[in-house]
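Below, each chain spelled out in residue letters.
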Amino acid sequence: MMQNVHLAPEADEDDLYSGFNDYNPTFDTEDLENDVAFQQAARTSHGRRPSVTAKIPGTSASRPLATGFGDGVARPMTAVHAAGYTKAAMRGSSFDPLGQARGPAPPLEMKNSDSSEEKIRQLEKKVNELVEESCIANSCGDLKLALEKAKEAGRKERVLVRQREQIATPENINLDLTYSVLFNLASQYAANEMYAEALNTYQVIVKNKMFSNGGRLKVNMGNIYLKQRNYSKAIKFYRMALDQIPSVHKEMSEQMKKAFQKLIAVPLEVDYDDKYISPNDDPHTNLLIEAIKNDSLRQIERERKSMAEEYIMTAAKLIAPVIETSFAVGYDWCVEVVKASHYVELANDLEINKATTYLRQQEFNQALETLKMFEKKDSRVKSAAATNLSFLYYLENELAQATNYADLAVNSDRYNPAALTNKGNTVFANGDYEKAAEFYKEALRNDSSCTEALYNLGLAYKKLNRIDEALDCFLKLHAILRNSAQVLHQIASIYEVMEDPNQAIEWLLQLISVVPTDPHVLSKIGKLYDNEGDKSQAFHYYYESYRYFPSNIEVIEWLGAYYIDTQFCEKAIEYFERAALILPTQVKWQLMVASCYRRSGNYQKALEKYKVIHRKFPENVECLRFLVRLCTDMGLKEVQEYMTKLKKVEKLKEIREQRIKSGRDGSARSRREGNAGGDASYIDPLGPQAERPKTAARKRTEEDDFADEELGEDLLPE
């Protein structure tokens with residue numbers, strides 16, 4: 001029987017997909033009639049088996065099939081089932097390893113937008129959006145819109161709360177959302193100065209015990225009462241807010257103190273400097289000490305000690321103002337703790353920091369008292385304190401005291417660069433620039449990075465007219481302080497003194513990049529461009545200066561004159577009116593305004609302006625002369641009135657001049673005697689008009705007092 005069994009050839013074992021078209025002849029039903037063994041088995045009772053029912057793919061049909069032979073043949077085991085090669089496929093089903101025959105997946109279930117939970121989520125989202133829109137409107141300055149959005153958010157939030165209460169327990173209410181809506185509404189009421197409504201809304205938050213941080217809003221209520229000048233209630237609410245501060249905040253100062261004490265208790269593990277001092281004159285010992293005095297281990301010790309001192313000083317500066325009722329008491333506590341530790345030398349530095357803090361708070365007397373306590377300390381601390389005292393007296397312009405303390409600082413520590421710089425400042429203030437320069441140079445020899453000494457040395461050289469050396473100092477300083485406005489200004493100033501305007505402009509432009517809104521620097525650039533003849537650039541920088549500081553008379557005058565030169569008298573009026581507003585007692589600027597009206601052809605406006613000037617300055621001769629001229633040209637009857645006033649004013653002016661020159665030659669009187677008519681000639685405060693092109697206009701034959709005046713613009717041909 002075995003000769004009819006053919007197994008798959010061994011040569012194809014490496015090919016995973018080979019042999020699927022081959023089949024075992026044992027299962028070939030077409031030759032069963034000629035199979036002697038099968039026919040013999042079918043005739044015996046052994047071969048009478050129950051009929052095989054159909055099996056569903058994926059059940060026990062996947063088990064190996066056993067035949068009725070004693071040594072039944074098993075199918076070879078393969079991975080065909082996982083790839084879709086099942087018995088059903090052999091019976092004619094299509095190859096479908098991905099299960100595509102099953103059709104597309106059923107569609108996703110649509111979200112039910114009508115559910116109560118979904119409605120609540122959408123409403124909550126809308127409330128948040130309204131709160132955000134209200135805040136954005138407030139930041140943009142639209143306070144009315146911000147309040148409307150806040151009110152709408154409040155209405156929707158109440159609807160949301162009612163809906164939540166209907167379908168859930170009260171514990172599920174979003175308290176954070178309620179708090180934010182109420183807080184925003186109160187803030188918008190306060191911003192719109194609706195203080196009663198704001199206070200009522202704050203009260204709703206404060207009285208609700210479910211808001212854990214509501215008590216802090218009593219500060220906001222106190223601020224509102226402060227704006228209403230209700231100081232007693234403001235103080236009451238501020239105190240209530242303080243009483244409701246959690247205990248953790250009150251305990252914070254104690255925690256800071258404990259942390260500071262732990263910090264200074266950290267062992268430094270650095271030997272003292274005594275071991276680097278030779279106890280005797282033993283050459284071998286001295287050589288050894290010199291070798292280890294500056295070795296790498298000693299440098300590590302110095303770095304560790306410096307780092308520890310820096311940490312302690314920084315911590316003391318941070319906690320001193322907040323651990324006690326005042327920063328002075330806080331500093332005193334830190335000093336006492338430091339004195340009890342092995343960082344005793346830092347106590348004096350803390351005291352000096354305390355004095356510096358007094359200076360920052362402009363409490364100069366307290367700073368002086370604190371610093372004067374160091375006059376009997378050791379030399380290093382005494383020098384630092386005396387330097388600060390000298391600087392204080394220097395600022396108060398008490399040069400004698402400043403000099404005394406500067407001398408004390410230098411004598412206490414000759415190698416203190418700050419003390420030497422301060423001493424140089426006192427000498428500089430007394431006008432001895434050469435000696436001041438010597439102190440500055442000595443300070444630089446002790447500390448080459450002392451920028452104050454280098455800057456002051458440049459100023460001293462500038463005063464001594466040693467321009468090249470001054471420029472060298474400021475250029476060195478510029479390499480250290482790249483964006484120092486003062487250094488850039490000094491370099492530009494020196495180039496201007498050296499008559500190099502191009503370099504001066506270049507450095508001033510660098511300065512503008514650092515301080516772009518400085519009006520004085522802008523006007524300086526404009527002046528340099530004007531001197532170079534570049535009117536357009538000069539106008540640009542003068543105008544920028546005017547934009548940032550519209551009260552500089554020199555800039556205003558230049559801009560007005562620029563528009564006069566360019567024949568735009570109407571634009572010049574704006575600048576001269578501002579000058580008249582700044583200096584209302586000077587008639588010059590008002591006369592310029594009137595002259596601009598006259599030059600632009602607006603004679604009626606000019607006449608009205610001259611009349612206003614005459615009422616304010618009735619004895620101004622120039623104003624009366626212009627009035628006489630305008631009234632004559634316009635044919636007005638007031639000309640005689642102004643002529644009479646002009647004569648009276650000139651007579652008074654003549655009498656005054658006679659009194660002044662009473663002891664001198666009386667020729668002035670003889671020149672004016674017999675002068676029946678007033679002198680109506682005048683000098684235009686804007687200067688002579690630009691020369692007009694010659695025209696074919698008929699020359700006037702009648703001569704009058706104004707024959708030398710050029711034709712008005714209205715008389716020129718079209």
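S.K.: What is the right way to look at the overall build of the protein chain in this model?
M.R.: For the protein chain, the count of helices and strands is 32 helices and zero strands. Out of the 718 residues belonging to the protein chain, those deemed buried represent 34%. At a minimum sequence separation of 6, the contacts of the protein chain that also span at least 24 residues come to 49%. Here the protein chain has roughly 46300 Å² of accessible surface; of this, 52% comes from carbon and sulfur atoms.

S.K.: Which parts of the structure should I look at to understand the environment of Val338?
M.R.: Among the structural elements, Val338 can be located in helix 13 (residues 327-339). Between the C-alpha atom of Val338 and that of Phe260, which follows or precedes it by 78 residues, the distance is 9.6 Å.

S.K.: How should I be thinking about the pattern of salt bridges in this particular structure?
M.R.: Any two side chains of opposite charge can pair, on the condition that their charged atoms come close. Counted according to the given criterion, the structure contains 21 salt bridges. One salt bridge in this structure joins Lys423 and Asp407, with 2.5 Å as the shortest N-O distance. Of this pair, Lys423 sits in helix 18 (residues 417-429) while Asp407 is found in helix 17 (residues 399-412), placing the two residues 16 residues apart along the sequence. Here Lys476 makes a salt bridge to Asp472, at a shortest N to O gap of 3.5 Å. In this pair, Lys476 and Asp472 are both assigned in helix 21 (residues 467-480), four residues apart and thus about one turn of the helix distant. Taking the relative accessible area as the measure of exposure, Lys476 reaches 48% and is therefore partly exposed. Residue class for Asp472 comes out partly exposed when judged on its relative accessible area of 38%. In the salt-bridge network here, residues are joined through shared partners; they are Glu434, Arg466 and Glu469.

S.K.: I'm lost on the confidence of the model for the protein chain in this one. Help?
M.R.: Regions with low pLDDT carry predicted coordinates that are not meant to be interpreted in detail. Per-chain confidence: the protein chain averages 78 in pLDDT, with 73% of residues scoring 70 or above. In this model residues 667-680 is a low-confidence stretch, pLDDT under 50, and it forms 16 contacts with partners more than four residues away in sequence or in other chains. Confidence drops under a pLDDT of 50 for residues 695-718, and excluding neighbours within four residues, the segment shows 20 contacts in the predicted structure.

S.K.: Whenever I open this one, the side chain of Ser545 confuses me. Can you help?
M.R.: Checked against the element boundaries, Ser545 lands in helix 25 (residues 535-548). Residue contacts for Ser545: discarding those within four places in its chain leaves Pro519, Leu522, Ser523 and Val555.

S.K.: How should I be thinking about the environment of Leu368 in this particular structure?
M.R.: Within the element layout of this structure, Leu368 appears in helix 15 (residues 364-372). With 13 residues separating them in the primary sequence, Leu368 and Ala355 have C-alpha atoms 7.6 Å apart. Leu368 has contacts with Leu389, Leu392 and Tyr393, leaving out every residue within four places of it along the chain.

S.K.: Where do I start with the packing of helix 20 (residues 451-463) against helix 21 in this structure?
M.R.: Between two packed helices, what matters for the description is the angle formed by their axes and the separation of those axes. Where helix 20 meets helix 21, the axes come as close as 8 Å, and the angle between the chain directions of the two elements is 155°. With respect to each other, helix 20 and helix 21 are oriented roughly antiparallel. Where helix 20 crosses over helix 21, the handedness of that crossing is left-handed. Of helix 21, the residues touching helix 20 (which contributes Thr451, Leu454, Tyr455, Leu457, Gly458, Leu459, Tyr461 and Lys462) are Glu469, Ala470, Cys473, Phe474, Lys476, Leu477 and Ile480.

S.K.: For this particular structure, what's the right way to read the packing of helix 10 (residues 252-264) against helix 12 (residues 296-323)?
M.R.: Interaxial distance between helix 10 and helix 12 falls to 10 Å at its minimum, and their mutual angle equals 160°. Taken together, the axes of helix 10 and helix 12 are roughly antiparallel relative to one another. The crossing of helix 10 and helix 12 is left-handed. The segment helix 10 lies against helix 12, with Ser253, Met256, Lys257, Phe260, Leu263 and Ile264 engaging Tyr311, Ile312, Ala315, Ala316, Ile319, Val322 and Ile323. Residue composition of the contact of helix 10 with helix 12, by class: 11 nonpolar, one polar and one charged.

Rules and cut-offs
Residues numbered from 1 in each chain as written. Predicted model: local features only at pLDDT ≥ 70, side-chain atom pairs only at ≥ 80, totals over all residues. Heavy atoms only, no water. Helix = DSSP H or I, 4+ residues; strand = E, 2+ residues; numbered from the N terminus. Buried < 20%, exposed > 50% of the residue type's maximum accessible area, 1.4 Å probe, protein only. Contact = heavy atoms within 4.5 Å. Areas by Shrake-Rupley, 256 points an atom, 1.4 Å probe, with all protein chains shown as cover. Salt bridge = Lys/Arg side-chain N within 4 Å of Asp/Glu carboxyl O. pLDDT = per-residue confidence, 0-100. Axes fitted to C-alpha atoms, helices over the stretch in contact; angles between N-to-C directions. Parallel < 35°, antiparallel > 145°, perpendicular 65-115°, else oblique. Left-handed = near helix turned anticlockwise from the far one by under 90°. Nonpolar A, V, L, I, M, F, W, Y, C, P; charged D, E, K, R; others polar.

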